[in-house]
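An overview of the molecular structure
Okay, here's what each chain looks like letter by letter:
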Amino acid sequence: MIRRFQFEAEVYESLSCVPMAGRRKLDRVGLKVSLDQWQKLGRGERLMICHAPAESADECEALRVFVQEATLARSGSKPKDLPEQARAGATPPAAPPPQLVENAKAAGVAITQNAWDGLDDDERYALIKLGGGAEQSHNLKVALAEFFNRAAEHPGDEANRIRCARA
């Protein structure tokens with residue numbers, strides 16, 4: 001099953017980019033699939049990656065093998081292995097990262113510990129990917145609005161929607 005976020009709604013139609021749920025699973029299994037590799041996969045393969053379970057060690061290993069074999073077959077190269085720190089990032093921390101708090105504040109949203117506690121791990125992961133680093137995604141503000149139940153400044157503006165996941 002794939003977790004769908006409104007801020008990346010058009011991504012689910014084409015799967016031309018890796019949606020957050022797919023990115024989190026890839027982080028969990030320790031693989032970095034380039035955009036070129038992703039786009040060379042068939043739609044069914046992309047759907048499989050997004051919908052495959054990746055909770056248990058066996059599920060993660062099965063998904064890892066599938067992704068490696070599928071990308072090798074389609075693109076001629078295997079995905080890169082992620083360092084352990086990146087793999088650990090698939091499980092968000094119990095407290096909001098300071099850089100995310102700062103970036104959210106600049107976007108007009110205060111992420112307190114109480115607010116962070118009200119999010120699920122998928123939402124936390126998405127916010128960290130969108131705004132946990134020095135450079136923030138143009139989708140951070142829209143995701144904050146979605147997760148904290150606020151009206152987006154321009155909800156219909158396609159420029160506010162995710163185009164492709166940038167790692």
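Residues numbered from 1 in each chain as written. Predicted model: local features only at pLDDT ≥ 70, side-chain atom pairs only at ≥ 80, totals over all residues. Heavy atoms only, no water.

1. Side note on the pattern of salt bridges
Overall, the coordinates contain ten salt bridges when judged by the stated rule. In this structure, the salt-bridge partner of Glu55 is Arg28, at a minimum N-O distance of 3.5 Å. In this pair, Glu55 is assigned in the loop between helix H4 (43-51) and helix H5 (57-75) and Arg28 in helix H2 (residues 20-29), connecting sequence segments 27 residues apart. Through salt bridges with shared partners, a single ionic network connects Arg3, Arg24, Asp120, Asp122 and Glu123. (Salt bridge = Lys/Arg side-chain N within 4 Å of Asp/Glu carboxyl O. Helix = DSSP H or I, 4+ residues; strand = E, 2+ residues; numbered from the N terminus.)

2. Observations concerning the confidence of the model for the protein chain
Here the protein chain averages 89 in pLDDT, and 89% of its residues register 70 or above. This model gives residues 151-167 a pLDDT under 50, and the stretch forms 37 contacts once residues within four places in sequence are excluded. (pLDDT = per-residue confidence, 0-100. Contact = heavy atoms within 4.5 Å.)

3. Some remarks on the packing of helix H7 (residues 98-106) against helix H9 (residues 121-131)
Contact pair H7 / H9: the axes reach a minimum separation of 9 Å and the direction vectors enclose 75°. Classified by the angle their axes make, H7 and H9 are roughly perpendicular. Facing H7, whose interface residues are Gln99, Leu100 and Asn103, H9 presents Leu127, Ile128 and Gly131. (Axes fitted to C-alpha atoms, helices over the stretch in contact; angles between N-to-C directions. Parallel < 35°, antiparallel > 145°, perpendicular 65-115°, else oblique.)

4. Things to note about the packing of H2 against H9
Remark: H2 packs on H9, axes separated minimally by 10 Å, with the N-to-C direction vectors making an angle of 90°. Here H9 runs roughly perpendicular to H2, going by the angle between their axes. Where H2 abuts H9, its residues Met20, Arg23, Arg24 and Asp27 lie against Asp121, Asp122, Tyr125, Ala126, Lys129 and Leu130. Broken down by class, the residue content of the contact of H2 with H9 amounts to four nonpolar, no polar and six charged. (Nonpolar A, V, L, I, M, F, W, Y, C, P; charged D, E, K, R; others polar.)

5. Overview of H4
Those residues of H4 that sit buried are Glu45, Arg46, Ile49 and Cys50. In a view along the axis of H4, the buried residues occupy a sector of 135°, so they form one face of it. (Buried < 20%, exposed > 50% of the residue type's maximum accessible area, 1.4 Å probe, protein only. Arc of directions from axis to C-beta.)

6. With respect to the nonpolar core
Side chains of a nonpolar character, in soluble globular proteins, are inclined to be buried together. Phe7, Ile111, Leu127, Leu144, Phe147 and Phe148 are the most contacted members of the largest nonpolar core, which totals 39 residues. At the level of elements, H2, H4, H5, H7, helix H8 (113-117), H9 and helix H10 (140-147) are the ones that each hand at least two residues to this core. In terms of residue count, H10 provides more of this core than any other element does, five residues in total. Once residues within four sequence positions are removed from consideration, Ile111 is found in contact with Pro96, Leu100, Val101, Ala104, Trp116, Leu127, Leu144 and Phe148. (Core = buried A, V, L, I, M, F, W, Y, C linked by side-chain atoms within 4.5 Å.)

7. Some remarks on H10
Of all eight residues in H10, six are buried, a share of seventy percent or more. Every buried residue of H10 is accounted for by Leu140, Val142, Ala143, Leu144, Ala145 and Phe147. As for H10, its buried residues are in contact with H7 and H9. Following H10 by one or two positions, Asn149 adopts a phi angle in the positive range, close to 55°.

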